[in-house]
Every structure is written in structure tokens, then in C-alpha cells.
Amino acid sequence: MQFFKSAVSLGALAVVMACGGAEEAGALATQKASLVTGTSQGCTFTVSFVQRVPVPPIFDIKLTREASATCPWSASTVTVGYSNANPPSMVSLAANDLGVAVGYTYRTGGPSPMAVAIKHVAPDSLAIVRSAGLMPVALGTYIWSADLGIGPDGTTLIATGTKNVPISGETGSGDRYVAVFPDFFTSTLAPTIVAY
């Protein structure tokens, strides 16, 4: 079993290396909201956040589908999540014809950690098809970012970012991580998370 876990961890790190190496992944992870726009099934999607309530502050994460000649559906905006107490330190988006993936940091208030939510949103209905996430192992700790990208196979979602504490389920150590979600748009398989 230990050999299997090691092989999976090495495989996840290999994905990062194939995408430009750990240095490039680290540089991507430090960019705030590196990618907030993408295209799926001819439609352009943009993710953003807006403050809904001033005190205590609540920030809504919004996904907008733009109308265009190539998009078969009308313009629309949907709220995919929210963060209490703190504005998201990042929002990110990755998209292809299988769907739209939205990632954002959030807190639920008080001493709660800053975690990451990742949602699969259907391009046509804007319904949330899948909710996944990354959670720190202790209260009052932070995952600062989760920049999303889609692997060369078109089905693997990759999240890279920075943190100040281990993430639940991770292997390795360090303040950077890569989380690999196989078949993200068509399954509910758990991610492999490697810290480095």
C-alpha cells in the first residue's frame, strides 16, 4: 500500500514537472486570480467575487456566461459560493467542452481555516454538477491559492497553490502543493495532493 501511495504521489508531481516544472508551478501559484476567463461549448465564462453584505462581510463568488454569436445560450450569472469574514484571496477558472471548473478560497467565519472550494458548473444550465475542495488540517490556517488548469488529456483538473499548513490527504511537505483530480468533469474521484 505504501508503494502504491508513493507511486501516485510521484505521478502527481510528474504532472507538475511536465507542465513546466516545480518552479513554474510555484510561480503560477503565487499569481492572484491568474485565470478568471475561459471558453466552453462556444461560450465565454468569467468568475469574480462581489461583496454582498458589509457587516459581517460576505462575499459571493459569481460565474458569468456571456452572450455571443458562438454561444447557444443567453447571458446569465449564477452564484457558485461565498466566503464569510474574508474576501477570497483568489478566484480561478478552467474550462473546456466538458464543463467549467471554478475555484476560490473561502472562510466560514471565526477561527475557521481558509480552504478551497472547486465547483464543476454545467455550461448550459449553470447548475453545479460537482463540489470538491481542499481543506487545511487545523483551525486558523490558510490555503492561499488554487490556480486551476486542465491537463493534456482534457479530463484531469490540476490545482496548484500555496499554503501555510498541511492539506488533509496530502503527501510530501512544503508550502506549495499540486492537487490532481482525475476525470474531474465525469467522475467524483478524490484528488492526489502532493506538497513540495
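In the block above lies the structure referred to throughout.
From a predicted model like this one, the values you see are computed outputs, not experimental measurements.

The subject of this paragraph is the overall build of the protein chain. Per the secondary structure count, the protein chain includes two helices and 13 strands. Counting every position in the protein chain, which comprises 196 residues, the buried fraction comes to 43%. Long-range contacts, defined here as pairs at least 24 residues apart, represent 50% of the contacts in the protein chain between residues at least 6 apart. Element-wise, carbon and sulfur atoms account for 61% of the exposed surface of the protein chain, whose accessible area totals about 8,900 Å².

For the rest of this paragraph, the subject is the packing of aromatic side chains. Aromatic ring pairs are described here by two measures, namely the spacing of the ring centres and the angle between the planes. In the structure shown here, the tally under the stated rule is five aromatic pairs. With a centroid separation of 6.2 Å and 80° between ring planes, the pair formed by Phe 49 and Phe 59 is classed as edge-to-face. Residue Phe 49 is found in strand β2 (residues 43–53), and its partner Phe 59 is found in strand β3 (residues 58–65); the two are separated by 10 residues along the sequence.

In this fold, Gly 81 is placed in strand β4 (residues 76–84). C-alpha of Gly 81 to C-alpha of Tyr 104: the two residues are 23 residues apart in sequence and 8.6 Å apart in space. When sequence neighbours within four positions are dropped, the list of residues in contact with Gly 81 reads Phe 59, Asp 60, Ile 61, Tyr 104 and Lys 119.

Our next topic: unusual backbone geometry. Each neighbour pair has its own omega, and for Val 55 with Pro 56 the value is -15°, a cis peptide bond. The residue Pro 56 is located in the loop between β2 and β3 in this model. Although it is not a glycine, Leu 126 adopts a positive phi angle of roughly 60°. Checked against the element boundaries, Leu 126 lands in the loop between β7 (115–121) and β8 (128–134). Backbone geometry at Asp 183 places phi at a positive 50°, although glycine is not the residue there. With respect to the helices, strands and loops of the structure, Asp 183 is situated in the loop between β12 (176–181) and β13 (192–195). Overall, the relative accessible area of 33% leaves Asp 183 in the partly exposed class.

With that settled, consider the nonpolar core. Ranked by size, the top nonpolar core spans 19 residues in total, and within it Ile 118, Leu 134, Leu 157, Tyr 177, Phe 181 and Phe 184 carry the most contacts. Broken down by element, this core gets its largest block of residues, three residues, from β12. Beyond its immediate stretch of four places on either side in the chain, Phe 184 contacts Ala 101, Ile 118, Lys 119, His 120, Arg 130, Ala 132, Thr 155 and Leu 157. Grouped together as the second largest cluster of nonpolar side chains are 17 residues, Ile 61, Cys 71, Val 80 and Leu 93 included.

Here the focus is the pattern of salt bridges. In a structure, side chains of opposite charge can pair up when their charged atoms sit close to one another. The final tally for this structure, using the stated rule, is two salt bridges. A salt bridge links Asp 60 to Arg 52, with the nearest nitrogen and oxygen atoms 2.8 Å apart. In this structure, Lys 163 and Glu 170 form a salt bridge, with 3.2 Å as the shortest nitrogen-oxygen distance. Pair check on accessibility: Lys 163 and Glu 170 agree, each one buried.

Let us look at the sheet that holds β13. The mixed open sheet is built from five strands, whose spatial order is β9-β10-β12-β13-β11. The open sheet has two edge strands, β9 (147–150) and β11 (170–172), and neither has a second partner. Across the sheet, the axes of successive neighbouring strands diverge by a mean angle of 25°, strand direction being ignored.

Right, let's talk about the side chain of Thr 141 for a bit. Checked against the element boundaries, Thr 141 lands in the loop between β8 and β9. Exposure remark for Thr 141: the relative accessible area of 12% places this residue in the buried category. Polar contacts involving the side chain of Thr 141 include one to the main-chain carbonyl oxygen of Ala 138, which spans 2.5 Å. Look past the residues within four positions of Thr 141 in its chain and what remains in contact with it is Pro 113, Met 114, Pro 136, Asn 164 and Val 165.

Conventions used here
Residues numbered from 1 in each chain as written. Predicted model: local features only at pLDDT ≥ 70, side-chain atom pairs only at ≥ 80, totals over all residues. Heavy atoms only, no water. Helix = DSSP H or I, 4+ residues; strand = E, 2+ residues; numbered from the N terminus. Buried < 20%, exposed > 50% of the residue type's maximum accessible area, 1.4 Å probe, protein only. Contact = heavy atoms within 4.5 Å. Areas by Shrake-Rupley, 256 points an atom, 1.4 Å probe, with all protein chains shown as cover. Phe/Tyr/Trp six-rings, centres within 6.5 Å; stacked < 30°, edge-to-face > 60°. Core = buried A, V, L, I, M, F, W, Y, C linked by side-chain atoms within 4.5 Å. Salt bridge = Lys/Arg side-chain N within 4 Å of Asp/Glu carboxyl O. Pairing = 2+ DSSP bridges. Axes fitted to C-alpha atoms, helices over the stretch in contact; angles between N-to-C directions. Polar contact = N/O pair within 3.5 Å; in protein donor to acceptor, adjacent residues only side chain to side chain.

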